[in-house]
Amino acid sequence: MLTFLVIVPVLLAVLLFIFSTNITAKIISIVFQSALFVASIYLVMITRDAEVITIVGSYDDILGIILRANSLSAIFVMLTTFIFLAVSVYSYSYKDRRDARTFWFLMFVLEASFIGLFLSGDLFNVFVLIEVSTLVTVILAMYDRKKRNIFHGKVFLLANVVSIQFYLLGLGYVYRITGAMDMERVTYALAGMDAGNLLLPYALLMTAIAFKNTLIPFFSWTPKTNIYRKSPTVVAAVLSGLQAKTSLYLFIRFQEIFEPIAAHDLFLAIGIFTGIFGAVMAICQSHIKMILAYHTISQIGLITVGISLGNEYAYIGGLYHIFSHAMFKTTLFLSSGIIIHSYGTSNVNEIRGVFKRMPIVGAATAAAVLGIVGAPFFIGSVSKYFISSDVGPLILAVTIALSLGTIISFMKFSSMFFGQSELRGDSPKAEVCKSIPVIVMGVVCLAGGIMGTQFIYFFFRYSVGIQIWSYAQKSIIFIVCALVGYLIYKYVVKGNALLSRLGAVSFGFKSVCASMGIFLAALLLW
Amino acid sequence: MGIFNTENLEIFSLALFFISFFGIITSKNMIKSIIFVMLIQTAVIMFWLKLGREDTATPIPPIIYDPALLDYMERIADPLPQALTLTAIIIGFSVVAVIITMFNALYRLHGTADWKKLEEVEGD
């Protein structure tokens, strides 16, 4: 059954590419994405009780390549299909997309490679699928020929190719130690092993994974964020909503596999720095997509903190934050696409009066913003509540600092909701097709907050209670943070030349690669 | 064969890996970076080839187990790394093809292959 989830998108993509016209390609892809979404929900339902295993090619389980869906990977698959469904509805009305067939062919292949990545039980297949998804992502990011995204796309691709060589080398060491490629077998073989032998493969593999995660010792945010600037809106949404999630999923998986040696403390520290750094850089930006891109890095830091803390609440909170981040970030990217089209500019300082021009889309965007800053009753508040529910004062201070940074950076973003602007773009009114996914996901941002415990129970079969008193406490902290953030924004950030110069800092390909070497050395010495 | 035998292959491949990594970090020309990326792929593939020809945790190749063939099976190479190496070669080849195509487009656009100049032109 799992094979179909991976192979059907590719087959359909090929068929559509050969036989269909542009219009039918769009319609068929929407119908198909809905079907795939339903199938993935069914997968989530059944994997809550038992793992689903498919052995490809009807060999026995020693020889065959295994696809394995447990409750974790099923959720990621569901996220993938949901976001691709939203994106396909969104791009239905694209008029300038003359070759929708090619675009959808690539999108389907990307989706299949993501699903395959989440379901794969084999470490080598993970390598193959990472390569496929990187390649397709880069081609999609350069899709708008007028914008000439070639240079940033090339840096992104080259850096990823170099990082994946570390993965492959580390994989070789894993194979030498365990004689296996299958994740579960490797976990089993490594379980009782001396940490000293595992250091080299762990360091090599984690270098690649942490690079993909854009964790801080890398200047890897440079290719990652630069590629957002000129890529099409839907591709940016998929990049931020999903590509970041694939690396997080691999991070979780590899920390489990290398349990005897997993450096939780190191990654906790790295996560904290990544979070703060991403928020600071987001404050400095004025390009609407760049704010969101740096924000993704900050949120990845927070998720890494949640996963590495080592207590169960924070872990669940981190996982739930992955879900919520995918929701609000996709909403924000899609709605920013609508807004850019409507105003004809991507500079946040020039866009004003979104609420007035398109009230419903504006409201959905506002819901996503409230979700990302962790306002009470919205989706981000629940996950942040769990991450910081059972921690020491240091981590608590860090999470509060992180939400403060988030709030400040979104002050700039939300200032575009109000006011008055005469700027006109191609399509001043929001189109229906583009609005639908934004609105639906905005509603999910609200629902995921109000019914947070139900959502968590549905996903993880883990019943948690939110204590009213401490939730109220967190809400008060949030309101204080919001006030402080507003004051800081008004008197410090606004029009600060130093900050905008800091925001323009970006590293070349060579320093990006050098950071990989530094990180590898740091892990080996740890 | 001297020092170029399979015993030393691991050291050679690791040396090549880090030499080409150093090359990637330091080369000023984009074409040279691409060449070093190809070299680093070759280094990894060399390492994988070594894996197939040594006593790993599973000395017997994972094919159908037959006691009668035990002597024979212990002498042949592990087929799994070889199969995976082939896949890695194909993937590396196609990625490099895409990279070179992109380089071509960039070169036509700006007429230079120098990293510094390109970063000045493109980075804003």
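Here the structure is a predicted model, which is why all the values come from computation and not from measurement.

Draft legend 1. Representation of the interface of chain B and chain A in the model. Contacts between chain B and chain A engage 45 residues on the former and 42 residues on the latter. A buried area of about 4,000 Å², summed over both sides, lies between chain B and chain A, and 77% of it is on carbon and sulfur atoms. Three residues stand out in chain B for area buried against chain A, namely Trp48, Met102 and Trp115 of chain B, and they jointly supply 15% of the buried area on that side. Between chain B and chain A we count 1 salt bridge in total. A salt bridge links Arg176 of chain A to Glu10 of chain B; the shortest N-O distance between them is 2.9 Å. The set of elements that each furnish at least two residues to the side of chain B that touches chain A consists of helix H1 (9-26), helix H2 (30-51), helix H4 (79-110) and helix H5 (115-122) of chain B. Here the element with the most residues in the side of chain B that touches chain A is H4 of chain B; it accounts for 14 residues. Of the residues in the side of chain B that touches chain A, the class split is 31 nonpolar, 7 polar and 7 charged.

Draft legend 2. Quick look at the side chain of Ser133 of chain A. Residue and element names in this part refer to chain A. Tracing the backbone through its elements, the reader meets Ser133 in helix H5 (residues 123-141). Within the structure, Ser133 has its side chain in polar contact with the backbone oxygen of Ile130 (distance 3.0 Å). If near-sequence neighbours (up to four positions away) are discounted, Ser133 is found in contact with Leu110, Ser113 and Phe114.

Draft legend 3. Summary view of unusual backbone geometry. Phi angles above zero are rare outside glycine, and Phe377 of chain A is one such case at about 75°. As for its position among the elements, Phe377 of chain A is in the loop between helix H15 (359-373) and helix H16 (379-387).

Draft legend 4. Representation of the packing of aromatic side chains within the structure. Residue and element names in this part refer to chain A. For the structure on display, the rule yields 32 aromatic pairs over all chains. Both rings, one in Phe17 and one in Phe105, keep their centres 5.3 Å apart while their planes meet at 40°; by these two values the pair is tilted. Remark: Phe105 occurs in helix H4 (residues 100-119) and Phe17 occurs in helix H1 (residues 2-19); sequence separation between them is 88 residues. Phe105 gets classed as partly exposed once you look at its relative accessible area, which sits at 26%. With a centroid separation of 5.2 Å and 85° between ring planes, the pair formed by Phe118 and Tyr249 is classed as edge-to-face. Separated by 131 residues along the polypeptide, Phe118 in helix H4 and Tyr249 in helix H10 (residues 233-257) bring together distant segments of the chain. Note that Arg357 overlies the ring of Tyr343, its terminal NZ or CZ placed 4.0 Å from the centroid.

Draft legend 5. Seen up close, the pattern of salt bridges. Residue and element names in this part refer to chain A. Counted according to the given criterion, the structure contains 5 salt bridges over all chains. Residues Asp182 and Arg68 are paired through a salt bridge, measuring 3.3 Å at the closest nitrogen-oxygen approach. Here Asp182, found in the loop between helix H6 (150-178) and helix H7 (183-190), pairs with Arg68, found in strand S2 (residues 65-69); they are 114 residues apart in sequence, far enough to count as distant. Each member of the pair, Asp182 as well as Arg68, is classed as buried. Across the pair Arg253 and Glu256 runs a salt bridge whose closest N-O atoms are separated by 3.7 Å. With a gap of 3 residues between them, Arg253 and Glu256 both fall in helix H10, about one helical turn apart. By sharing partners, the salt bridges in this structure join Glu51, Arg68, Asp182 and Glu184 into a single network.

Draft legend 6. Here's a closer look at the pairing of S2 of chain A. All names here are of chain A. Within S2, 4 of the 5 residues are buried, which leaves it mostly tucked inside the rest of the structure. Of the strand pairs in this sheet, strand S1 (residues 52-56) and S2 are connected by 5 bridges, and their pairing is antiparallel. Counterpart to Ile53 in the pairing with S2 is Arg68.

Reading the values: the criteria
- Residues numbered from 1 in each chain as written.
- Chains lettered and ligands numbered in written order.
- Predicted model: local features only at pLDDT ≥ 70, side-chain atom pairs only at ≥ 80, totals over all residues.
- Heavy atoms only, no water.
- Contact = heavy atoms within 4.5 Å.
- Buried area = accessible area lost by both parts, 1.4 Å probe.
- Salt bridge = Lys/Arg side-chain N within 4 Å of Asp/Glu carboxyl O.
- Helix = DSSP H or I, 4+ residues; strand = E, 2+ residues; numbered from the N terminus.
- Nonpolar A, V, L, I, M, F, W, Y, C, P; charged D, E, K, R; others polar.
- Polar contact = N/O pair within 3.5 Å; in protein donor to acceptor, adjacent residues only side chain to side chain.
- Phe/Tyr/Trp six-rings, centres within 6.5 Å; stacked < 30°, edge-to-face > 60°.
- Buried < 20%, exposed > 50% of the residue type's maximum accessible area, 1.4 Å probe, protein only.
- Lys NZ or Arg CZ within 6 Å of the ring centre and 35° of its normal.
- Pairing = 2+ DSSP bridges.

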